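# Overview (structure and organization)
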Amino acid sequence: MTLDPHRRARPPGPAPVTKNPFSLLAYMRRMRDGAAQTVGARFETYGDIYYAPFLGRDVYVLRHPDHIREVLIRQASKLGKPTSGLTASQLSRLLGEGLLNANGDSWRRRRRLIQPAFSSKRLQAYAETIGAHTEDALARWRPGQRVDLSREMMELTLRIVSKTLFDHDVHGETDRFAAAIHTFRQAFGGIDAMLPDWVPTRGKRRTLAAMEEVDALVYGLIDARRASAGGGGDDLLTALATGGDGDDRLTRRELRDELLTLFIAGHETTSHALTWTLHLLSQHRAIEARVRDEVRALDAAGPGWDDLPALALTRRVLEESMRLYPPAYAVPRTATEDVEVGGYVIPAGADVVIWIHHVHRDGRWFEDPERFDPDRFLPERKKALPQCAYLPFGAGQRACIGKQFAMMEAQLILARVLRAWSFDPDPAHVVRPRLAVTMSPRGGLPVFLREVDIS
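Please read these numbers as outputs of a predicted model, since none were measured by experiment.

Turning to the overall build of the chain, a few remarks are in order. A count of helices and strands for the chain gives 15 helices and twelve strands. When burial is assessed residue by residue, the chain has 54% of its 455 residues classed as buried. For the chain, the accessible surface area stands at approximately 20200 Å², while carbon and sulfur atoms represent 52% of it.

On the basis of which strands lie adjacent, the open sheet formed by five strands has the order 1-2-8-5-3 and mixed pairing. Each having just a single partner strand, strand 1 (49-51) and strand 3 (79-80) make up the two edges of the open sheet. In the sheet, strand 3 pairs with strand 5 (residues 330-335) via two bridges, with the strands oriented antiparallel. Following the sheet pairing, Leu79 is matched in strand 5 by Ala335. Along the sheet, helix 1 (residues 21-46) makes contact with strand 1, strand 2 (59-62) and strand 8 (351-355), crossing strand 1 at roughly 105°. Most of the contacts of helix 2 (residues 65-74) go to strand 8, to which it runs at about 125°, and overall it touches strand 1, strand 2, strand 3, strand 5 and strand 8.

Turning our attention to the packing of aromatic side chains. Scanning all chains against the criterion turns up eleven aromatic pairs. Aromatic pair Trp141 and Phe423: ring centres 5.8 Å apart, planes at 80°, arrangement edge-to-face. In this pair, Trp141 sits in the loop between helix 5 (120-138) and strand 4 (146-148) while Phe423 sits in strand 9 (residues 421-425), placing the two residues 282 residues apart along the sequence. For the pair shown, Trp141 and Phe423 are each scored as buried. Among the aromatic residues, ring-to-ring pairing joins Phe43, Tyr46 and Tyr50 into one connected group. Above the ring of Phe366, the side-chain terminus of Arg323 is found at 5.1 Å from the ring centroid. Over the aromatic face of Tyr325 sits the side chain of Arg361, whose NZ or CZ is 5.3 Å from the ring centroid.

The full count for this structure, using the stated rule, is 36 salt bridges. One salt bridge in this structure joins Arg253 and Asp257, with 3.1 Å as the shortest N-O distance. With Arg253 and Asp257 both in helix 10 (residues 252-283), this residue pair falls four residues apart, about one helical turn. Classification of Asp257 by relative accessible area gives buried; the value is 3%. Through salt bridges with shared partners, a single network forms among Glu44, Asp48, Arg63, Asp362 and Arg364.

Let us look at helix 11 (residues 285-296). Here helix 11 contains twelve residues, and its C-alpha end-to-end distance of 16 Å stays within 8% of the 16 Å for a straight helix at 1.5 Å per residue. Within helix 11, burial applies to Ile287, Glu288, Val291, Arg292, Glu294 and Val295. What you see down the axis of helix 11 is that its buried residues fit within an arc of 160°, all on one side. Exposed positions of helix 11 whose direction lies more than 90 degrees from the buried face are Ala286 and Asp293.

All right, on to unusual backbone geometry then. A positive phi is found at Asp368, a non-glycine position, where the angle reads about 50°. Note that Asp368 resides in the loop between helix 13 (356-360) and helix 14 (379-383). Phi at Cys388 is positive, roughly 75°, even though this residue is not glycine. Residue position: Cys388 is located in the loop between helix 14 and helix 15 (403-420). Judged by relative accessible area, which is 6%, Cys388 ranks as buried.

A word on the sheet that holds strand 9. What the three strands build is an open sheet, ordered 4-12-9; its pairing is antiparallel. Either end of the sheet is taken by a strand with one partner, and the two such strands are strand 4 and strand 9. Within this sheet the neighbouring strands show an average axis-to-axis angle of 45°, counted without direction. Two strands pair when backbone bridges link them, and strand 9 and strand 12 (residues 446-451) are joined in this way by five bridges, in the antiparallel orientation. Counted as the bridge partner of Trp421 is Glu451 from strand 12.

Relative to the elements of secondary structure, Asp215 occurs in helix 8 (residues 202-227). For the pair Asp215 and Arg256, spaced 41 residues apart in the sequence, the C-alpha separation amounts to 7.7 Å. Contact partners of Asp215, with chain neighbours within four places excluded, come to Gly220 and Arg256. Of note is the side chain of Asp215, whose polar atom sits 2.8 Å from the side chain of Arg256.

If you check helix 10, its first and last C-alpha atoms are 47 Å apart, about what 32 residues at 1.5 Å a residue would give, namely 46 Å. Within helix 10, 27 of the 32 residues are buried, which leaves the element mostly enclosed by the surrounding structure.

Once that is clear, we can look at the pairing of strand 12. Bridging between strand 4 and strand 12 involves three bridges; their strand directions are antiparallel. Each bridged residue has a counterpart across the sheet, and for Asp148 the counterpart in strand 12 is Pro446.

The subject of this paragraph is the packing of helix 10 against helix 15. The N-to-C vectors of helix 10 and helix 15 enclose an angle of 40°; their axes lie 10 Å apart at closest approach. When the axis of helix 10 is compared with that of helix 15, the two are oblique. Seen along the crossing, helix 10 lies across helix 15 with a hand that is right-handed. Each of Gly266, Thr270, Leu274, Thr277, Leu278 and Leu281 in helix 10 lies in contact with helix 15, whose residues at this interface are Phe405, Ala406, Glu409, Ala410, Ile413, Leu414, Val417 and Leu418. Per-class residue counts for the contact of helix 10 with helix 15 are ten nonpolar, three polar and one charged.

Thresholds applied
Residues numbered from 1 in each chain as written. Predicted model: local features only at pLDDT ≥ 70, side-chain atom pairs only at ≥ 80, totals over all residues. Heavy atoms only, no water. Helix = DSSP H or I, 4+ residues; strand = E, 2+ residues; numbered from the N terminus. Buried < 20%, exposed > 50% of the residue type's maximum accessible area, 1.4 Å probe, protein only. Areas by Shrake-Rupley, 256 points an atom, 1.4 Å probe, with all protein chains shown as cover. Pairing = 2+ DSSP bridges. Contact = heavy atoms within 4.5 Å. Axes fitted to C-alpha atoms, helices over the stretch in contact; angles between N-to-C directions. Phe/Tyr/Trp six-rings, centres within 6.5 Å; stacked < 30°, edge-to-face > 60°. Lys NZ or Arg CZ within 6 Å of the ring centre and 35° of its normal. Salt bridge = Lys/Arg side-chain N within 4 Å of Asp/Glu carboxyl O. Expected span 1.5 Å × (residues − 1). Arc of directions from axis to C-beta. Polar contact = N/O pair within 3.5 Å; in protein donor to acceptor, adjacent residues only side chain to side chain. Parallel < 35°, antiparallel > 145°, perpendicular 65-115°, else oblique. Left-handed = near helix turned anticlockwise from the far one by under 90°. Nonpolar A, V, L, I, M, F, W, Y, C, P; charged D, E, K, R; others polar.

See below:
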């Protein structure tokens, strides 16, 4: 397709961020302390698409559903995952060329190999493990105890994804692995990340040591399973480590990248979604009570796979929580050829950033957008939303492969937690989002546990 030469080449936008140390440090501090606010102010100033060059790279920032549909669906073949730049380089350190970062034929091959892990038959089996691990975690709670819900949900979902996808018990390694991932998350987007690997800052040394910890665990899983010659369980790791021939057989490095991608994507985003949901319910007791009533109407043994259709309000609560606090708050792409979006020509090689956080809080699509209202997601109201106005799992061919698993896991965990527990916020802690790889509560979410009568 020949693009209209009369189209404007660039939308308006702020002054470029250059390699000048003062310009760069000022930008990093501004984004560290209030990225969402900075981007939101720019949208209000420049409109639904603005141009924000960064260190010599063209960057186009979007929030309108029509523009997002062009990028993620209608012209998705012209835009791939970034392979260079700050965000891509930091993610590649951790995830390598896994499914999240791969493009083209490599992505299609990996997606085909991984897709069977999320079939309905497997999801049904996973539901039992989710219930068992959740009850085990709740059995350690005590009334009046102060806990960090962010850490509790992170550890729980880590155990679940390890068992369901890799048939691996990480009870003895949770702290080590979680600490390593936390170190990487803290470093992501920081000033240290702007410097080359050979610059020996304290933050870089911690990050590199954390990556060694992560690799030791993941390569250990791979080597043990391959040494068993297929004698492991009926899980994704066994299928990937022992299956395939020739080009379809993943190398040791490819296996590492895929396993680590699923480790991170399979627990971190879900744990944040649950944490934000529990925070919101602690501020909205009437909605919390409605969810608890829904759960208690089920079999006393606890919610499982067959109960998911009856947990409609529980699901809506999660959907509304992910509207207000989408764990994956922004989606990056890079144009592989010239592409027209919103009346502007985005040139090949330019970066495109979709700010899901701002799409979800736009009053044009969501009335009174700052209000917590799970009934926005009643079927008739959800159907009225424009395509790509709500996309916590992305959209198009590259939407999250584990969406169904994540929603099932979150529904079952939330239902079991709320059946017996409520939470009183710690008044000494101010809850604020932290935007790094994902959106999490800055400093965790400390609360006091309150047991509720289940009779």
